[in-house]
Amino acid sequence: MSEQARRRSPKPYRKPKKDPVRMLAFEALRAVDERDAYANLVLPPLLRKAREAGDFDGRDAALATELVYGTLRRQGTYDAIIAACVDRPLREVDPPVLDVLALGAHQLLGTRIPTHAAVSASVELARVVLGDGRAKFVNAVLRKISQHDLDAWVERVAPPYDKDPEDHLAVVHSHPRWVVSALWDSLGGGRAGIEDLLEADNERPEVTLVARPGRSTTEELAAATETLPGRWSPYALRMAEGGEPGAIEAVREGRAGVQDEGSQLVALALANAPLEGPDARWLDGCAGPGGKAALLAALASERGAALLASEKQPHRARLVERALAGNPGPYQVIAADGTRPPWRPGSFDRVLVDVPCSGLGALRRRPEARWRRRPEDLDGFAPLQRGLLTEALRAVRVGGVVGYATCSPHLAETRVVVDDVLKRTGGAELIDARPLLPGVPALGEGPDVQLWPHLHGTDAMYLALLRRTA
């Protein structure tokens, strides 16, 4: 065959190569998109399966985790950039194609992966999961994206701050506009504070351990793994990056656990609130999945008090039972609706209700929640939150204390609920929660407390303490 004929002959077809890291990341993103799954629940079993199959080592698992969480955290920014590089509205692009493009965009703009490797690996993934035809589209879009770095792209696609501050922050920091507005209303202040908060939402959170008092110590945990001291809780330790909590004996045995420091502070504040009269019966009225209940049970047992942990959903009640197993003090776990409780009014000395909410305070841990939630969701939570707080005040005796907590800083889920219930029910008063978080700065004017990721290194937990007076 002549040289000219050889050039004209088609190249033999090359089958695409499966990259296990990017295949796993794509599979996780599809689960989040198709099944409304949460990455923190989907990813661990996928990683475990890959390790057992011999496909992954530690570095592969770290890269897959970064690809999934990095893509989800920056999804809004990447969508704006992708939209600038395609000739149709994003709603007309198939979701699996968008997932591959977002993974590619993150590799190009959010990691140190070389440009040629990020593009070629993404195109190869597209060939495997989308087919050769749509892989060409992916290739063309990613080559356009690769022409600028992230800062240059943001300058192109985000509206100027002085023309539309909320939309600018939404694109730059990858949050829906309504979430930016809600967080800003709750935080108050100027541009610097809200930018710091939004940036903190996009950072990987530390893994924080709790040494359950009377069952474990921070010294024991520190000897078992590389840690840093907790910032505020005397029972907290922060794990070094890459540490595995399940490898620690005390965690496996339930004597210690994984618990955000903000969550620990809520339980500690309720446990240490001054009481008038006896201190023998405690209630966790929304106990699932069991982190606060386990800490409360340990604290209660040290004082000879008993904890009743109530959770409406039976499968979550079983998680609470698992978290409390082995606690030396008296406790009971039941499946019950806190808005229609089986206990008599005035039965308890201390009551905690960490109510179901939008979860806007935990966007570091569940970045996909920011895209899943809608403003109208708050209307669905409102009656439940008011009902749970109302019944908590009925459950506590005169002189006893109720802690109302949410993992959301949204004013409609925090102060508005507390103020509304106080006005409607009467017979209760707010007490200052700030002295019960000793050493924690920037707690505001009180009497309630709002924690923040950028100020305290915790989830954005809210706590109001109320004493029943009549």
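Residues numbered from 1 in each chain as written. Predicted model: local features only at pLDDT ≥ 70, side-chain atom pairs only at ≥ 80, totals over all residues. Heavy atoms only, no water.

## A few points about helix 3 (residues 39-52)
When the terminal C-alpha atoms of helix 3 are compared, their 20 Å separation across 14 residues agrees well with the 20 Å that a helix rising 1.5 Å per residue should span. Within the sequence span of helix 3, burial applies to Ala39, Val42, Leu43, Leu46, Leu47 and Ala50. Down the axis of helix 3, the sector holding all buried residues measures 120°, keeping them to one side. The exposed set on the far side of helix 3, more than 90 degrees from its buried face, consists of Leu41, Lys49 and Glu52. Residues of helix 3 that are buried make contact with helix 2 (20-35) and helix 4 (58-73). In the stretch just after helix 3, glycine 54 is the one whose phi turns positive, near 80°. (Helix = DSSP H or I, 4+ residues; strand = E, 2+ residues; numbered from the N terminus. Expected span 1.5 Å × (residues − 1). Buried < 20%, exposed > 50% of the residue type's maximum accessible area, 1.4 Å probe, protein only. Arc of directions from axis to C-beta. Contact = heavy atoms within 4.5 Å.)

## Focus: the environment of leucine 466
Locating leucine 466 in the fold gives a position in strand 12 (residues 462-468). Sequence-distant contacts of leucine 466, that is, excluding residues within four places in its chain, are made with Leu389, Leu393, Gly400, Val401, Val402, Tyr404, Val418, Leu422, Glu429, Leu430 and Ile431.

## Examining the packing of aromatic side chains
Under the definition given, this model contains two aromatic pairs. Where tryptophan 343 meets phenylalanine 348, the ring centres are 5.9 Å apart and the plane angle is 85°; that geometry is what we call edge-to-face. What makes phenylalanine 348 buried here is its relative accessible area of 1%. Ring geometry for tyrosine 404 and tyrosine 462: centres 6.4 Å apart, planes at 75°, overall edge-to-face. (Phe/Tyr/Trp six-rings, centres within 6.5 Å; stacked < 30°, edge-to-face > 60°.)

## Let's talk about unusual backbone geometry
Put simply, glycine 288 and proline 289 share a cis peptide bond, and its omega is 0°. Mapping proline 289 onto the fold places it in the loop between strand 5 (281-284) and helix 16 (291-303). With an omega dihedral of 0°, the bond running from glycine 446 to proline 447 counts as a cis peptide bond. Mapped onto the elements of the fold, proline 447 is located in the loop between strand 10 (428-431) and strand 11 (449-450). Positive phi, normally seen in glycine, also occurs at aspartate 36, with a value near 55°. Inspection of the secondary structure puts aspartate 36 in the loop between helix 2 and helix 3. Even without glycine at this site, serine 174 takes up a positive phi of about 60°. Relative to the helices and strands, serine 174 resides in the loop between helix 10 (165-173) and helix 11 (177-187). Residue classification places serine 174 among the buried positions, given a relative accessible area of 0%.

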